[in-house]
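Inside the fold
Below are the chains, spelled out letter by letter.
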Amino acid sequence: MAMSDKSPAMSGQLWADLVIVGGGIMGLWAALKAERRGIETILIDGDKTGSGASGGLLGALMAHMPDRWNEKKQLQFDGLVSLETEIAQLESETGLSAGYRRCGRLIPLPKPHLRPLAERHSREAETNWRQHGRAFDWAVIGESPWAGWPSRNACDAGLVHDGFAGRVSPRALIAALRTRLEQTRRVQILEGLGVQSIDARAGRLKLSDGSSVGFGKLLVAAGVGSFQLLATLGAPLAKPLGRGVKGQAALLKVDLPADLPLLYLDGLYVVPHEGGHVAIGSTSENQFADPFSTDAQLDALIAEARRLAPVLNNAEVVERWAGLRPKAIDRDPMVGPHPEHAHVHALTGGFKVSFGIAHLLADAALDAIEGQALPLPQSFSLAHHVSVALESEISGKDD
């Protein structure tokens, strides 16, 4: 994407071949991938990079169940496998740790009827989690190899030991991506400037300080804020393109063995991190008074985690966190060109899966920006989400 000699940048106006709105995990990966492709880029964030949902605590990297395999599960599998190499390269380039480890996961089986289901999944993992020269187990075991992790009271029918799952420190990964971008002159980062509006025809953004930025191509990766920005383009929509789902999480301080896997049970995540920290989360709240405050729901989650892992009983809570995660109208991530404005693209809506596949979605979005077909399931495309939002009856798809 070579800059034209007649571009507005030549007359002193701020302009770039590619402008990315949003400095969360999606926007940062996109900026890094654009830099590696030689694309001159401006990255704009209304606050600071990683200040939204990407600056949370949890960092669990878990795959879909290995049963009923389809193209979406294959995409996530590919993302979780390739993330290991991507992070290794990033750490090598920056000298920083992203807190990544393929630590595995333990899933208690509290009821007898769950064990046959888990054993079936184990057989399916032998096929579906054995690809590209890598193999990962979904093993059904009688008791945990780590005493008290989790409590035997939760494991009446045994446990699953998932060898595919991993974890990453969200903030450490964000910091490594930011540091890597600061090493290049090809990416300019503008912080504290919200985008007020998009003039797609003129190829300009109006910013909160009254200034504007011109673009050849625009990539909207602003998390929850993406939905309203994109909704201003094209025909009026019957439904919003997406919404924010509140999540609450906590960080505890406790010394634990370095090789512990994460725990998962009925929506509760307990994730050991480096430095003697354990993250606990998360709630999924569609209705809330304050998106950024914590309350009794987090207290209940912490208590539940302590019942599951009694070693946490005396652990100090060092941070409580709440934020909004972007959930697109048809749930899948929202990527690719707008149906009425081919130079405006989306990269958002990665509800609960962003950290595992953001690097892969960023490459797919840039492929589309460079004129290739979007290499993703059709349900991931922005055009698909727009078509759903145009319908007058959604039949519960946005619930």
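Residues numbered from 1 in each chain as written. Predicted model: local features only at pLDDT ≥ 70, side-chain atom pairs only at ≥ 80, totals over all residues. Heavy atoms only, no water.

Observations regarding the pairing of strand 20 (residues 341-348)
Going by this rule: Note on exposure labels: buried denotes an accessible area under 20% of the residue type's maximum, exposed denotes more than 50%, and partly exposed covers the range between, all computed with a 1.4 Å probe on protein chains only. Only DSSP runs of H or I reaching four residues or more are called helices, and only runs of E reaching two or more are called strands; each is numbered from the N terminus. Here, any two strands with at least 2 DSSP bridges between them count as paired.
For strand 20, the tally of buried residues reaches six of eight residues, placing the bulk of the element in the interior. Here strand 13 (residues 212-220) runs beside strand 20; their pairing, made up of three bridges, is parallel. Looking at strand 20, one finds that Val220 is bridged to Ala346. Where strand 19 (residues 334-338) lies against strand 20, five bridges are found, and the strand directions are antiparallel. In the strand pairing of strand 20, Gly336 is matched with Ala346. Counting the residues in the hairpin turn of strand 19 and strand 20 gives two residues.

Some remarks on the environment of Asp209
What counts here: A 3.5 Å cut-off defines polar contacts: any pair of N or O atoms within that distance qualifies, except that in protein one atom must be a possible hydrogen donor and the other a possible acceptor, and neighbouring residues in sequence count only when both atoms are side-chain atoms.
Secondary-structure assignment places Asp209 in the loop between strand 12 (204-207) and strand 13. In terms of polar contacts, Asp209 uses its side chain to reach the side chain of Ser211, at 2.6 Å.

A word on the layout of surface pockets
To keep it simple, the criterion reads: Site definitions follow a grid-based scheme: protein atoms alone, a 1 Å grid, a 1.4 Å probe that fits but cannot get out for cavities, and for pockets an open set with protein on both sides within 12 Å along at least five of seven lines, plus lining residues having an atom within 4 Å of a point. Grid points are joined across faces, edges and corners, and a volume is the space filled by probe spheres set on the points. We call Asp, Glu, Lys and Arg charged. Ala, Val, Leu, Ile, Met, Phe, Trp, Tyr, Cys and Pro are nonpolar, and the rest, Gly among them, are polar.
Of the pockets and cavities examined, the second largest pocket occupies roughly 190 Å³. Top element by residues in the lining of the second largest pocket is helix 4 (residues 170-182). It accounts for three residues. For the lining of the second largest pocket, a count of residues per class yields four nonpolar, six polar and three charged.

Here we look at the state of the cysteines
In plain terms, the rule: When two cysteine sulfur atoms are found within 2.5 Å, that pair is recorded as a disulfide.
This model, assessed by the stated rule, comprises zero disulfides. Of the cysteine sulfurs around Cys103, a residue in no disulfide, the closest is that of Cys155, at 17 Å.

So far we have only geometry, and geometry alone does not tell us how the molecule works.
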